[in-house]
Amino acid sequence: MRRVLIAAAVACLAAVGLSTPVLAAGAGSVKLQAGEWSFAGPFGYFDKGAMQRGFQVYREVCAGCHGMEYIAFRNLADLGYNEAEIKAIAAEYEVMDGPDDEGEMFMRPARPADLMPTPYRNDNEARANNNGALPPDLSLIAKARANGADYLYSLILGYDEAPADVEVPDGMYYNSAYSGNLIAMPQPIYGDDVEYTDGAPSTPEGLASDLTHFLMWAAEPKMEIRKRIGVAAVFFLSIFLIMSYLAKRRVWAEIH
Ligand code: HEC
């Protein structure tokens, strides 16, 4: 009986192991382009200029469909904006507040402590405006997808003519980076979509790269501190290792 049970368990595990790659291969082929990221590696850091430009692209191109509901305006200090600049950015938005003395909710200009308002009041409104597809919130998207940075970069640049054997239904678009290759989001970036004031190139690659910097920061704003602590810990442990080794030699030298 025990043998039978063990055999059944092994068979189940084997089935799971075998079925996973088959499922993964079922979707349309996904091609990712690797970008160059200042935030990659143990000494990675966020490029403030790129993040500010990425935020500009988000505001002018993506914010019409995608919210970033976990980002408060005051968090934008990480991008290098000072208090007055953050106040001015916040004041361009309106948020709902209340109830007032009469019990009514009212709109007022946003303040630095407010979260960024979303373009739609709820998921149903979002779907109704996008042919039934839901544009996800972008606050954490860079961490919610495998190879976040390369994936976002490739997704934004991935719009292409569909190969002859792929039929693209109405309201769908061919994208080589998206799983299944058919996405309900129309191509958002064509190059020169926004006017940069710092002379950085506004090519599709430049815009996609800046957006990726901004979205990576949004998903993990404490990345720089995490990496710095990691490097310091490794440095400390290396010194500790050398000292323990020297101490050990000294102690044992007298015993031999
Ligand atoms: C016209 C509305 C619209 C605009 C503008 C838009 N998107 Fe989207 N986006 C969508 C919709 C709709 C989806 C859902 C697609 C689907 O489910 O097939 C989506 C999905 C996404 C996804 C999720 C892909 C995934 O892996 O699930 C990301 C990331 C994204 N958009 C980023 C952006 C960025 C960055 C911009 C600005 C450059 C942008 N979008 C502009 C409508 C939009």
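Heads up: the structure comes first, above all this text.
Below you will find a few notes about this structure. Quick caveat, the model's predicted, so the values are computed rather than measured. (Residues numbered from 1 in each chain as written. Predicted model: local features only at pLDDT ≥ 70, side-chain atom pairs only at ≥ 80, totals over all residues.)

Moving on to the overall build of the chain. Along its length, the chain carries eight helices and four strands. Walking the chain from its N terminus toward its C terminus, one meets helices and strands in the order α-α-α-β-β-α-α-α-β-β-α-α. Relative to its full complement of 256 residues, the chain shows a buried share of 21%. A separation of at least 24 residues holds for 62% of the contacts in the chain among residues at least 6 apart in sequence. (Helix = DSSP H or I, 4+ residues; strand = E, 2+ residues; numbered from the N terminus. Buried ≥ 20, exposed ≤ 12 C-beta atoms within 10 Å, placed from the backbone. Contact = placed C-beta atoms within 7 Å.)

For the pair helix α2 (residues 48-62) and helix α7 (residues 204-219), interaxial distance at closest approach is 7 Å and the crossing angle is 100°. One way to sum up the angle between α2 and α7 is to call them roughly perpendicular. Here Ala50, Met51, Arg53, Gly54, Phe55, Val57 and Tyr58 of α2 come into contact with α7, specifically with Leu207, Ser209, Asp210, Leu211, His213, Phe214, Leu215 and Trp217. Here the contact of α2 with α7 is composed, by residue class, of ten nonpolar, three polar and two charged. (Axes fitted to C-alpha atoms, helices over the stretch in contact; angles between N-to-C directions. Parallel < 35°, antiparallel > 145°, perpendicular 65-115°, else oblique. Nonpolar A, V, L, I, M, F, W, Y, C, P; charged D, E, K, R; others polar.)

In the vicinity of the ligand lie 22 residues, with Cys62, Cys65, Pro135, Ala184 and Met185 positioned nearest. Among the elements of the structure, α2 and α6 (148-157) are those that each provide at least two residues to the shell around the ligand. A class-by-class count of the residues in the shell around the ligand yields 18 nonpolar, three polar and one charged. (Near = placed C-beta within 6 Å.)

Quick look at α7 now. Compared with the 22 Å implied by 1.5 Å per residue over 16 residues, the 22 Å span of α7 between its first and last C-alpha is a close match. For α7, a buried count of 13 out of 16 residues is recorded, marking the element as mostly surrounded by other parts of the structure. (Expected span 1.5 Å × (residues − 1).)

Another aspect to go through is the nonpolar core. Nonpolar side chains in soluble globular proteins generally cluster together in the buried interior. Within the largest apolar cluster, 38 residues are counted, with the highest numbers of intra-cluster contacts made by Leu152, Ile156, Leu211, Phe214, Leu215 and Ala218. When contributions to this core are tallied by element, the ones reaching two or more residues are α2, α6 and α7. Tallying contributions element by element places α7 first for this core, with nine residues. (Core = buried A, V, L, I, M, F, W, Y, C linked by C-beta atoms within 7 Å.)

Attention now goes to the environment of Ala208. Considering the arrangement of structural elements, one finds Ala208 in helix α7. A C-alpha to C-alpha distance of 6.2 Å links Ala208 and Ile156, two positions 52 residues apart in sequence. Other than its neighbours up to four places away in sequence, Ala208 contacts Tyr153, Ile156, Leu157 and Ile189.

This paragraph deals with unusual backbone geometry. Of note, the amide linkage connecting Gly98 to Pro99 takes the cis form, showing an omega dihedral of 0°. On the secondary structure map, Pro99 appears in the loop between β1 (94-97) and β2 (106-109). One non-glycine residue with positive phi stands out, namely Asn147, at about 50°. Although it is not a glycine, Asp192 sits at a positive phi angle of roughly 55°. Turning to its location among the elements, Asp192 is positioned in the loop between β4 (182-183) and α7.

What follows deals with helix α8 (residues 223-255). Between its first and last C-alpha, α8 extends 48 Å over 33 residues, near the 48 Å set by a 1.5 Å rise per residue. Burial of α8 is sparse: only zero of the 33 residues sit out of reach of the surface.

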